[in-house]
Amino acid sequence: MTNASFTAAQENKKLPGDLAMWFFILAELTVFAIFFIGFAISEQQYPAMFTEGKAQLHQSFGLINTIALITSSFFVALALRAMYKAQSKQAVYLLFTAKAFAVIYITVKVWEYLSLFELGITIETNTFFTLYFLITAFHLMHVLLGMVILAIIAHSVWHEQTQTHNLSGFEAGASYWHMVDLLWIILFPLIYVI
Amino acid sequence: MNKDKSIQDFKTKNLATLSWLLLIALTIVAVLLASFIDNRSLYIVSALSIVVIKGQQIVDVFMELHHAPKLWRWLLLSYIILIPFIIAVIYLV
């Protein structure tokens, strides 16, 4: 291997963003793993309650939210690729598109909560709804935090505070957003479909 | 050199688009499968297998960990394999 190709190979082995964000992502994934496993174990203990609870959820809301989050994640990935090509303005537009899809997610989620409240269903109704509200609201908080991070990144890029040769902050924020998406793709079948 | 870079840009952008389309298609397939598969155990295995494929796409393409250090890539891939596996075991055993 020549020096040039060795250097290129080393560069290819770079972890996107900074290490601290990846440890944070691992910690978040661990917390959600406990929730997911706890939900599955509880379902095995109270199968009738969970079947009845799932029947009261709107699967279509979950499906719309899955598509919204995946699409949002896609636009964040495109925004980062635009930054690699030093297309800052395009990256900001793509980030705003990603945020628009996140707004769809939040609107649908709030709508879903309100429709359950109208039926008299709350976090105290039973074990299924305690876990449902706990897990989905905790995930919603991550979406809101992710939107703040994306807004900070977009502001930084728009005001040219982010240099195209140092995208560590951008990559870290994008990775966080993809983690939010990753968690939802487990959460959706677990709570709404299976 | 610029031509190589343009080809590379085109490939990575198209890869992300293909991955996005695959993720959307698999999401819809997972929901539709519930209507076609009567056997609950088979459906659980199918739906969770789809989760693993979707997770791999997000980790490798969106998170760009395909070219990252192996330890980090496999930490994330292990999560997306292990958690659906544990859930499947809980439901099926």
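Refer to the preceding data block for the structure.
Residues numbered from 1 in each chain as written. Chains lettered and ligands numbered in written order. Predicted model: local features only at pLDDT ≥ 70, side-chain atom pairs only at ≥ 80, totals over all residues. Heavy atoms only, no water.

**A look at the side chain of H139 of chain A**
Residue and element names in this part refer to chain A. Residue placement: H139 occurs in helix 6 (residues 127–158). Residue classification places H139 among the buried positions, given a relative accessible area of 0%. Setting aside chain neighbours within four positions, we find H139 in contact with F32, L69, Y105, V180, L183, W184 and L187. (Helix = DSSP H or I, 4+ residues; strand = E, 2+ residues; numbered from the N terminus. Buried < 20%, exposed > 50% of the residue type's maximum accessible area, 1.4 Å probe, protein only. Contact = heavy atoms within 4.5 Å.)

**Examining the interface of chain A and chain B**
Opposite the 49 residues of chain A that make contact, chain B presents 41 residues. Buried area between chain A and chain B, summed over both chains or domains, comes out near 4,000 Å², and the portion from carbon and sulfur atoms is 76%. Together, F74, R81 and I194 of chain A form the three largest contributors to the area buried by chain A at its contact with chain B, with a combined 16%. The interface formed by chain A and chain B holds two salt bridges in total. In this structure, R81 of chain A and E64 of chain B form a salt bridge, with 3.3 Å as the shortest nitrogen-oxygen distance. If you look at where chain A meets chain B, you find eight residue pairs in polar contact (both at pLDDT 80 or more). Going through the elements one at a time, helix 2 (19–45), helix 4 (59–84) and helix 7 (168–193) of chain A are the ones with two or more residues in the side of chain A that touches chain B. Element by element, the count of residues in the side of chain A that touches chain B is highest for helix 2 of chain A, at 15 residues. Of the residues belonging to the side of chain A that touches chain B, the class tally is 32 nonpolar, 10 polar and seven charged. (Buried area = accessible area lost by both parts, 1.4 Å probe. Salt bridge = Lys/Arg side-chain N within 4 Å of Asp/Glu carboxyl O. Polar contact = N/O pair within 3.5 Å; in protein donor to acceptor, adjacent residues only side chain to side chain. Nonpolar A, V, L, I, M, F, W, Y, C, P; charged D, E, K, R; others polar.)

**Let's talk about helix 7 of chain A**
In a regular helix each residue adds 1.5 Å, so 26 residues correspond to 38 Å; helix 7 of chain A covers 37 Å between its end C-alpha atoms and thus fits that length. Counting buried residues along helix 7 of chain A, 24 of its 26 residues qualify, which places the element largely inside the surrounding structure. (Expected span 1.5 Å × (residues − 1).)

**Quick word on the packing of aromatic side chains**
Throughout the structure, instances matching the rule amount to 27 aromatic pairs over all chains. Centre to centre, the rings of F50 of chain A and F128 of chain A are 5.2 Å apart; their planes meet at 80°, and the pair counts as edge-to-face. Of this pair, F50 of chain A sits in helix 3 (residues 47–55) while F128 of chain A sits in helix 6, and the two are 78 residues apart along the sequence. The same class applies to F50 of chain A and to F128 of chain A, which are both buried. One aromatic cluster is present, formed by F39, F50, Y113, F117, F128, F129, Y132 and F133 of chain A through successive ring pairs. Lying across the ring of W158 of chain A, K89 of chain A places its NZ or CZ 5.0 Å from the centre. Here the guanidinium or amino end of R40 of chain B rests over the ring plane of Y91 of chain B, the centre of that ring lying 5.5 Å away. (Phe/Tyr/Trp six-rings, centres within 6.5 Å; stacked < 30°, edge-to-face > 60°. Lys NZ or Arg CZ within 6 Å of the ring centre and 35° of its normal.)

**Section: the side chain of E28 of chain A**
All names here are of chain A. Position of E28 relative to the elements: it lies in helix 2. Within the buried set, E28 has no salt-bridge partner at all; the shortest N-O distance to an opposite charge, 17 Å, is to K109. Setting aside its immediate chain neighbours within four residues, E28 contacts H142 and M179. (Lys, Arg positive; Asp, Glu negative; His and termini not counted.)

**Here we look at empty space enclosed by the protein**
One way to see where empty space is left: roll a probe the size of a water molecule over the atoms. Within the structure shown, the criterion is met by one cavity of 30 Å³ or more. One number sums up the size of the largest cavity: a volume of about 40 Å³. Surrounding the largest cavity, F188 and P189 of chain A together with A30, A47, I50, V51 and K54 of chain B form its lining. Of all elements in the fold, only helix 7 of chain A together with helix 2 (40–62) of chain B reach the threshold of two or more residues within the lining of the largest cavity. (1 Å grid on protein atoms, 1.4 Å probe; cavity = no way out; pocket = protein on both sides within 12 Å on 5 of 7 lines; lining within 4 Å. Points joined across faces, edges and corners; volume = space filled by probe spheres on them.)

**Here's the deal with unusual backbone geometry**
Within the chain, A86 of chain A stands out as a residue other than glycine whose phi angle is a positive 60°. For A86 of chain A, the location among the structural elements is in the loop between helix 4 and helix 5 (88–118). Of note, E64 of chain B is a non-glycine position whose phi angle comes to about 60°, a positive value. By secondary structure assignment, the location of E64 of chain B is in the loop between helix 2 and helix 3 (70–92).

**A closer look at helix 3 of chain B**
Note: α-helices contain 3.6 residues per turn, so residues at a spacing of three or four share the same orientation. When the terminal C-alpha atoms of helix 3 of chain B are compared, their 32 Å separation across 23 residues agrees well with the 33 Å that a helix rising 1.5 Å per residue should span. Along helix 3 of chain B, the residues that are buried comprise W72, R73, L76, L77, Y79, I80, I83, P84, I87, A88, I90 and Y91 of chain B.

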